[in-house]
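Topology and contacts: notes
One letter stands for each residue in the lines below.
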Amino acid sequence: MTEPAASRVAWAGNYLRVEVETWPDVGEYEVIRKHDAVGIVPVTPDGEVVLVRQFRPPVRDRLLEVPAGLLDIGGEDALTCAERELYEETGYHSGGAAFLGGTYLSPGFTDEYMHLFWTWTVAEPEGAPEDGIEVVRLPLHRAVTSAREGKVRNATSALALLLAAGVPALRDVAASPP
């Protein structure tokens, strides 16, 4: 792995920091360092995906998303974090999550990596959703179609849904009905 010639912290907050790095042949480069994150595609026994709608201040809108969160608890692995976030945000328990894939969110300015999972859930929530979150259940095939049509505007949520459509155990559920 290549390292910069120099680096200094320009600003640090609760969840991220900005570093100014000096690179040969590039010059100064601003990099946002942030905790990695997780997202999970929860599918109920009847083939509905459990999504969340929440307000996102940077885009000044409420977005439809898969349950997700930051890996910000020391020692917690990505899978445990995804299952915890699912329960905290929606009240649904995971039936055992499996890895879908992962992606760097915007490698032009941040090192944040998103781990993506899918899981079967229990039929109904066993807890209350987190404050400010609206739980939305949609047939998985409808959510996948929305992602393909660009209607799911959170990129990692769209990617997670599209990856889930290729999971053998979900293919029939994710396919459009006859």
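Above this text is the structure in question.
Summary of the structure given here. (Residues numbered from 1 in each chain as written. Predicted model: local features only at pLDDT ≥ 70, side-chain atom pairs only at ≥ 80, totals over all residues. Heavy atoms only, no water.)

1. Section: the overall build of the protein
Put simply, the rule is: Secondary structure elements follow DSSP: runs of H or I no shorter than four residues count as helices, runs of E no shorter than two count as strands, and numbering proceeds from the N terminus. Only protein chains enter the calculation, and the probe is 1.4 Å; a residue is then buried if its accessible area is under 20% of its type maximum, exposed if over 50%, and partly exposed in between. Contacts are residue-level and defined by heavy atoms, with any inter-residue pair within 4.5 Å sufficient. Here the Shrake-Rupley method, with its probe set to 1.4 Å, supplies the accessible areas, and only the displayed protein chains count as covering residues.
For the protein, the helix and strand inventory stands at four helices and ten strands. Counting from the amino terminus, helix and strand elements in the protein follow one another as β-β-β-β-β-β-β-α-β-β-β-α-α-α. The C-alpha extent of the protein, read off along each of the three principal axes, is 55 × 30 × 30 Å. When the 178 residues of the protein are sorted by exposure, 40% land in the buried category. The long-range fraction of contacts in the protein, counting pairs at least 24 apart against all pairs at least 6 apart in sequence, stands at 58%. In the structure as shown, the protein presents an accessible area of about 9700 Å², 54% of it carried by carbon and sulfur atoms.

2. Concerning the packing of aromatic side chains
For the record, the criterion: Aromatic contacts are taken between Phe, Tyr and Trp rings whose centres are within 6.5 Å, Trp giving its six-membered ring; a plane angle under 30 degrees counts as stacked, one over 60 as edge-to-face, and the others as tilted.
Tallied over the full model, the rule gives three aromatic pairs. On the numbers, 5.1 Å between centres and 75 degrees between planes, the contact of Y104 with Y113 is edge-to-face. Pairing W118 with W120 gives two aromatic rings, centres 5.7 Å apart and planes at 80 degrees, and the pair type is edge-to-face. Exposure remark for W118: the relative accessible area of 11% places this residue in the buried category.

3. A look at the nonpolar core
To keep things clear, this is the line we draw: Residues enter a nonpolar core if they are buried and are Ala, Val, Leu, Ile, Met, Phe, Trp, Tyr or Cys, with the set joined through side-chain atoms within 4.5 Å.
Grouped together as the largest cluster of nonpolar side chains are 27 residues, with contacts concentrated most on V41, V49, L140 and L161. If sequence neighbours within four positions are ignored, V49 has contacts with V41, P42, V43, V136, R137, L138, L140, A143 and L161. If you look at the next biggest cluster of nonpolar residues, it comprises eleven residues, including V38, L71, A78 and Y92.

4. Details of the side chain of E85
As for its position among the elements, E85 is in helix α1 (residues 78–90). Those residues in contact with E85 that sit more than four places away from it in its chain are V38, A68, G69 and L70.

5. Digging into the environment of I40
Inspection of the secondary structure assignment puts I40 in strand β4 (residues 37–43). By relative accessible area, which is 0% here, I40 ends up buried. Once you skip the residues sitting within four places of it in the chain, I40 turns out to touch V66, P67, A82, L86, A97, F117, W118 and T119.

6. Description of the pairing of strand β5 (residues 48–56)
Filter applied, for reference: Whether two strands pair depends on DSSP finding at least two bridges between them.
Across six bridges, the pairing between β5 and strand β10 (residues 134–139) is antiparallel. The partner of L51 across the bridge, within β10, is V136. Between β5 and strand β6 (residues 61–65), which pair antiparallel in sequence order, lie four residues; one of them, R60, sits at a positive phi of approximately 55 degrees.

7. As for unusual backbone geometry
A positive phi is found at D25, a non-glycine position, where the angle reads about 70 degrees. Along the chain, D25 turns up in the loop between β2 (16–23) and β3 (27–34). Classification of D25 as exposed rests on a relative accessible area of 86%. You will see that R60, though not glycine, has its phi angle at about 55 degrees, which is positive. Tracing the chain through its elements places R60 in the loop between β5 and β6. For R60, a relative accessible area of 64% translates into the label exposed.

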